[in-house]
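Read off the chains here:
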Protein chains: 6
Amino acid sequence: MKVKVSRKAHFNAAHRLYRKDWSDEKNTAVFGKCNNPSFHGHNYELIVSVTGEIDKDTGFVIDMKVLKDIIRDEVEEAFDHKNLNMEVPEFSDLNPTAENIAVVIYNKIKPKIDSKLELEVMLFETPRNFVSYSGS
Amino acid sequence: MKVKVSRKAHFNAAHRLYRKDWSDEKNTAVFGKCNNPSFHGHNYELIVSVTGEIDKDTGFVIDMKVLKDIIRDEVEEAFDHKNLNMEVPEFSDLNPTAENIAVVIYNKIKPKIDSKLELEVMLFETPRNFVSYSGS
Amino acid sequence: MKVKVSRKAHFNAAHRLYRKDWSDEKNTAVFGKCNNPSFHGHNYELIVSVTGEIDKDTGFVIDMKVLKDIIRDEVEEAFDHKNLNMEVPEFSDLNPTAENIAVVIYNKIKPKIDSKLELEVMLFETPRNFVSYSGS
Amino acid sequence: MKVKVSRKAHFNAAHRLYRKDWSDEKNTAVFGKCNNPSFHGHNYELIVSVTGEIDKDTGFVIDMKVLKDIIRDEVEEAFDHKNLNMEVPEFSDLNPTAENIAVVIYNKIKPKIDSKLELEVMLFETPRNFVSYSGS
Amino acid sequence: MKVKVSRKAHFNAAHRLYRKDWSDEKNTAVFGKCNNPSFHGHNYELIVSVTGEIDKDTGFVIDMKVLKDIIRDEVEEAFDHKNLNMEVPEFSDLNPTAENIAVVIYNKIKPKIDSKLELEVMLFETPRNFVSYSGS
Amino acid sequence: MKVKVSRKAHFNAAHRLYRKDWSDEKNTAVFGKCNNPSFHGHNYELIVSVTGEIDKDTGFVIDMKVLKDIIRDEVEEAFDHKNLNMEVPEFSDLNPTAENIAVVIYNKIKPKIDSKLELEVMLFETPRNFVSYSGS
């Protein structure tokens, strides 16, 4: 009897899309205005979902307060009001596309939850663009 | 050619999280302010999804009016403006966590739809906390 | 150059609509299922808006962190996960309709902000029912 | 490392549900007020999701600008401000239920994306009624 | 102590923008694709707001059930799943722009509520385009 | 018969809150993490509302396509994917708080619309923080 439990969170950050090893021309050709060297930013909305058996004692798959604290420690404190390219070490050599941010968040949260639980990370870069990643 | 068809509904209810067989101390330690003996409440938003083949005659997987009526009869009339712990028999010995409520709703709706159809129940306890259950 | 600044917050609570000085029949006739003696509940969403001149030094009408803290202290800590009728003193003799809750919140926040600022309180009892009050 | 990338779009259209080969009585019995011969309409909200490996060079599964253009060309220009029954050839002999519209959109977009990518189409007929289709 | 009380509702309808007394060329020049003779449609979302004193006995400005029934009788039953141009008499000689629809709804609801109450009608033609009218 | 007509738009931008003429200590004390020298960012959602008489010929207060184009030219092209502090001249000496951004947008749009129309600008910095300005 597996249930998927989801928690919403959010953080605001600046970023730009580019690769250090590409020329300016190539970065602009591929990433367009997302390559602005002065950065732009987003209100990232995040949904973290955990799937597993309901614990018979508590009726919980995971205590939502525990999940909320993991998200705060691993994501909000690390990313909120930050420049992803300049201040978040995971992106020092990784282009902070929504896809890559979702994978980084997944990899930060996964070791903090019981290994029997499945994890999914859904990240809204804007209300119109979003991605999800579940580890494979 | 399987399509998943979803219908939104909602109900307002009071509840508390606790186990009769636990001490007050243990209930408070595990469930925190959700264990308030005077109850608190939520606007539960519900999405019921049914997956199956499109009927070639009608173009429907299931007639949305039929699904709407099943949700009204099985969920809204049973739960809306109720105290889940005190007035809904399914929770007389079952802790009304979002997880357990989703399973109860699934088990009430499943027998009312064609056995060839798959069912999924998604329940928002708040816009920030939600669960889904699809029967296994 | 007056600007209106708004901040969203939320709390979950149980309540019932009734008057102690009315008979059960009259309470049911007037308040219908909202009069359920076992209570029901809501996720109340709250928007607190403050209108005033922009401070030339900061560019703020009010520091959003200050407003957020006032809402937390005056509303969230007092109402969240509570039974409004039984546990919130303001409603011991006042029917906790959305209208009355909005007025109570207004009266709690008004003395905490600069008297030159105008205040408006908007309260969503559900996404479909909401009220607003601005003090007169 | 597969990620699902989603893009929202929308179109407004008129339609009616009916079958040319049924009597008026049967159409009304099955489709109710959705069979109104003078048509009614919707703001269709569309989510197109593409799942695949992250390209190591770009950090993209698919360039969102490319996906946006495919949706504009294949769906918005073909359906927006149109009468689906009378002006969209795919529905000249196909009942424009949400289910069938989703399948038609899937079939129009699928050939335009890399065959290694999985596609899912989610279509909101209203905020309360929606369907999804992923090709099988 | 005036409070504004709001209730959300919705209806789906087809319409086109045009004037009978204009040439096709002029209608197309002014109304663009909204002038499609085969119609298009919308999910109209409606917010009806009533402002007045809180009744000391009930704690209500207006009983939300009463307001809900007025909206159902005057708006939903008259407009839902209809072609506004062809089937709603108010628009037989009036262009069904969002502005005009809001005024028509205002004029239908106003006589049904206490004359001491102020009325405001807010109409979303799409989530991105909306209008409001309060009678003057 | 005045109607208020509203149009939604959005732009993504980076910014920081600070004053050149203040010390780092003072900027941090007043603006907290919003003063991050590496910037952070937001998806700004914008609602531009215009109030005026309904034109009897068209049924419009203002042609929504015209309003949409004004917003695109004056706001989206100037602010989207930009660093407000570094790349938008209006903020070279003005702190880009939500309040100040709303005033700047108001001042850019006002000369582009008929002087008989009233203008209101509502700006969501996040779904939880927003401001509105109507020119006085």
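Since the structure is predicted, the reported quantities are computational estimates derived from the model, not experimental observations.

Q: How would you sum up the overall build of chain A? Please name residues and give values.
A: Each helix and strand counted, chain A has 4 helices and 5 strands in total. Starting at the N terminus, the α and β elements of chain A follow one another as β-α-β-α-β-α-α-β-β. Overall, the C-alpha framework of chain A stretches about 60 × 25 × 25 Å when taken along its three principal axes. Expressed as a percentage of its 136 residues, the buried residues of chain A come to 59%. For chain A, the share of sequence-separated contacts (at least 6 apart) that also reach a separation of at least 24 residues comes to 68%. Summed over its atoms, the accessible surface of chain A is roughly 5700 Å², and 50% of this surface lies on carbon and sulfur atoms. Here chain A carries 19 positive and 22 negative side-chain charges, and the mean point of each set is 2 Å from the other.

Q: I'd love a proper account of helix 2 (residues 64–79) of chain A, names of residues and values included.
A: For helix 2 of chain A, spanning 16 residues, the distance from its first C-alpha to its last is 21 Å, which sits close to the expected 22 Å at 1.5 Å a residue. Its maximal kink placed at Arg72(A), helix 2 of chain A deviates by approximately 40 degrees. Looking only at helix 2 of chain A, the buried set comprises Met64(A), Leu67(A), Ile70(A), Ile71(A), Glu74(A), Val75(A) and Phe79(A). The inward-facing, buried residues of helix 2 of chain A abut strand 1 (2–15), strand 2 (40–53), strand 3 (82–83), helix 3 (84–87) and helix 4 (98–109) of chain A together with strand 5 (129–133) of chain B. For helix 2 of chain A, the side-chain oxygen to backbone nitrogen distance between the N-cap and Lys65(A) is 2.9 Å, and the N-cap itself is Asp63(A). Two residues or fewer past helix 2 of chain A, His81(A) is found with a positive phi of approximately 60 degrees.

Q: How would you explain the relation of the copies chain F and chain A if you had to name every residue and give the values?
A: Each copy superposes on the other: chain F lies on chain A with an RMSD of 0.0 Å after a rotation of 180 degrees and an axial shift of 0.0 Å. Classification of the inter-copy transformation places it as that of a two-fold axis. A share of 100% of the interface residues of chain F reappears at the interface of chain A, consistent with the copies meeting face to face through the same patch.

Q: If you had to explain the side chain of Lys108(C) to someone new, which residues and values would you point to?
A: All names here are of chain C. By the element assignment, Lys108 lies in helix 4 (residues 98–109). What makes Lys108 buried here is its relative accessible area of 16%. Among the polar contacts listed, one links the side chain of Lys108 to the backbone oxygen of Glu74, at a separation of 2.9 Å.

Q: Any chance you could break down the side chain of His40(E) for me, citing the residues and the numbers?
A: Residue and element names in this part refer to chain E. As for its position among the elements, His40 is in strand 2 (residues 40–53). Overall, the relative accessible area of 0% leaves His40 in the buried class. Here His42 takes part through its side chain, which lies 3.4 Å from a polar atom of the side chain of His40.

Q: Now, about the pattern of salt bridges: what can you tell me, with residues and values included?
A: According to the stated counting rule, one finds 65 salt bridges over all chains in the structure shown. Glu45(D) is the salt-bridge partner of Arg128(E), the closest N and O atoms lying 3.1 Å from each other. Of the two residues, Arg128(E) is situated in the loop between strand 4 (118–126) and strand 5 (129–133) and Glu45(D) in strand 2 (residues 40–53); the pairing between them involves two chains. Like Glu45(D), Arg128(E) is buried. Through salt bridges with shared partners, one network takes in Asp69(A), Arg72(A) and Asp73(A).

Q: Talk me through the relation of the copies chain A and chain D; I want residue IDs and the actual numbers.
A: Between the two copies, chain A and chain D, the superposition gives an RMSD of 0.0 Å; the rotation angle is 120 degrees and the shift along the axis is 0.0 Å. Accordingly, the operation relating the two chain copies is best matched by a three-fold axis. The rotation axis passes nearest to the C-alpha of Pro127(A) in chain A, at a distance of 8.8 Å.

Q: Summarise the interface of chain A and chain D; cite the residues concerned and give the values.
A: Taken together, the contact pairs 18 residues of chain A with 20 residues of chain D. Taken together, the two surfaces of chain A and chain D that pack against each other cover about 1600 Å², and 56% of this comes from carbon and sulfur. Scanning the region where chain A abuts chain D turns up 0 salt bridges. Elements that contribute at least two residues to the side of chain A that touches chain D include exactly helix 1 (24–31), helix 4 and strand 5 (129–133) of chain A. Here the side of chain A that touches chain D gets 5 residues from one element, more than from any other, and that element is strand 5 of chain A. Of the residues contributing to the side of chain A that touches chain D, the split by class is 9 nonpolar, 6 polar and 3 charged. Of the strand pairs in this sheet, strand 5 of chain A and strand 1 (residues 2–15) of chain D are connected by 5 bridges, and their pairing is antiparallel. Considered in strand 1 of chain D, the bridge of Tyr133(A) is made with Val3(D).

Criteria and thresholds
Residues numbered from 1 in each chain as written. Chains lettered and ligands numbered in written order. Predicted model: local features only at pLDDT ≥ 70, side-chain atom pairs only at ≥ 80, totals over all residues. Heavy atoms only, no water. Helix = DSSP H or I, 4+ residues; strand = E, 2+ residues; numbered from the N terminus. Buried < 20%, exposed > 50% of the residue type's maximum accessible area, 1.4 Å probe, protein only. Contact = heavy atoms within 4.5 Å. Areas by Shrake-Rupley, 256 points an atom, 1.4 Å probe, with all protein chains shown as cover. Lys, Arg positive; Asp, Glu negative; His and termini not counted. Charge placed at Lys NZ, Arg CZ, Asp CG, Glu CD. Expected span 1.5 Å × (residues − 1). Bend = angle between axes of the 7 residues up to and from the residue. Polar contact = N/O pair within 3.5 Å; in protein donor to acceptor, adjacent residues only side chain to side chain. Least-squares fit on C-alpha atoms with pLDDT ≥ 70 in both. Salt bridge = Lys/Arg side-chain N within 4 Å of Asp/Glu carboxyl O. Buried area = accessible area lost by both parts, 1.4 Å probe. Nonpolar A, V, L, I, M, F, W, Y, C, P; charged D, E, K, R; others polar. Pairing = 2+ DSSP bridges.

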